[in-house]
Amino acid sequence: VDVSFRAIEKGHDDPAHLDAIEHAFTAGFVIELIVRFALERLAFFCGGNAGWNIFDSLVVAFQLFEALQVHDLRNATFIRVIRVARIVR
């Protein structure tokens, strides 16, 4: 995160290896979400962990938006806070 902010301040892009690592994590989270949805089906949205599942889905959606550059979320601090909250949960 610190490297990213320094690069933004200097007007440079993130180093390529950091982008590759970020894309790998995004792909891993997407695969995890798809597998959990396939296994739980309706319980994914109505079961005991429905709140966490929806939260995880939103976090992954934000990650995908950023990775696909659908919207410029790079300067949104709350996205990074949400990612940390997902890890901490």
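Look a little higher up for the structure.
Residues numbered from 1 in each chain as written. Predicted model: local features only at pLDDT ≥ 70, side-chain atom pairs only at ≥ 80, totals over all residues. Heavy atoms only, no water.

### A word on the overall build of the chain
Scanning the chain for helices and strands turns up five helices and zero strands. The 89 residues of the chain split such that 24% are buried. Taking the contacts inside the chain whose residues are at least 6 apart along the sequence as the reference set, 50% of them involve residues at least 24 apart. Counting only carbon and sulfur atoms, one obtains 68% of the accessible surface of the chain, whose full area is about 6,300 Å². (Helix = DSSP H or I, 4+ residues; strand = E, 2+ residues; numbered from the N terminus. Buried < 20%, exposed > 50% of the residue type's maximum accessible area, 1.4 Å probe, protein only. Contact = heavy atoms within 4.5 Å. Areas by Shrake-Rupley, 256 points an atom, 1.4 Å probe, with all protein chains shown as cover.)

### Looking at helix α4 (residues 50–67)
With 18 residues, α4 extends 25 Å between its outermost C-alpha atoms, agreeing within 8% with the 26 Å of an ideal straight helix rising 1.5 Å per residue. Of all the positions in α4, only A50, N53, D56, V59, V60, Q63 and E66 are classed as buried. Two residues or fewer after α4 comes Q69, characterised by a positive phi angle close to 55 degrees. (Expected span 1.5 Å × (residues − 1).)

### A word on the packing of helix α2 (residues 16–40) against α4
Two numbers describe a pair of packed helices, the interaxial angle and the distance between the axes. Following both chains from N to C, one finds α2 and α4 inclined at 145 degrees, their axes separated by 10 Å at the closest point. For the pair α2 and α4, the sense of crossing is left-handed. Across from E22, H23, T26, F29, V30, L33, R36 and E40 in α2, the residues of α4 making contact are N53, D56, S57, V60, Q63, L64, E66 and A67. The residue makeup of the contact of α2 with α4, split by class, is six nonpolar, five polar and five charged. (Axes fitted to C-alpha atoms, helices over the stretch in contact; angles between N-to-C directions. Left-handed = near helix turned anticlockwise from the far one by under 90°. Nonpolar A, V, L, I, M, F, W, Y, C, P; charged D, E, K, R; others polar.)

### Considering the packing of aromatic side chains
In the structure shown here, the tally under the stated rule is five aromatic pairs. Geometrically, the ring pair formed by F37 and F44 is edge-to-face, given 5.4 Å between the ring centres and 85 degrees between the ring planes. Site record: aromatic cluster; members linked through ring pairs are F37, F44 and F45. (Phe/Tyr/Trp six-rings, centres within 6.5 Å; stacked < 30°, edge-to-face > 60°.)

### A closer look at the pattern of salt bridges
What the rule picks out here adds up to two salt bridges. Between D56 and R36 there is a salt bridge, with the nearest N and O atoms lying 3.2 Å from each other. One end of the pair, D56, is in helix α4; the other, R36, is in helix α2, and 20 residues separate them in sequence. Each member of the pair, D56 as well as R36, is classed as buried. Connected through shared salt-bridge partners, E32, R36 and D56 make up one network. (Salt bridge = Lys/Arg side-chain N within 4 Å of Asp/Glu carboxyl O.)

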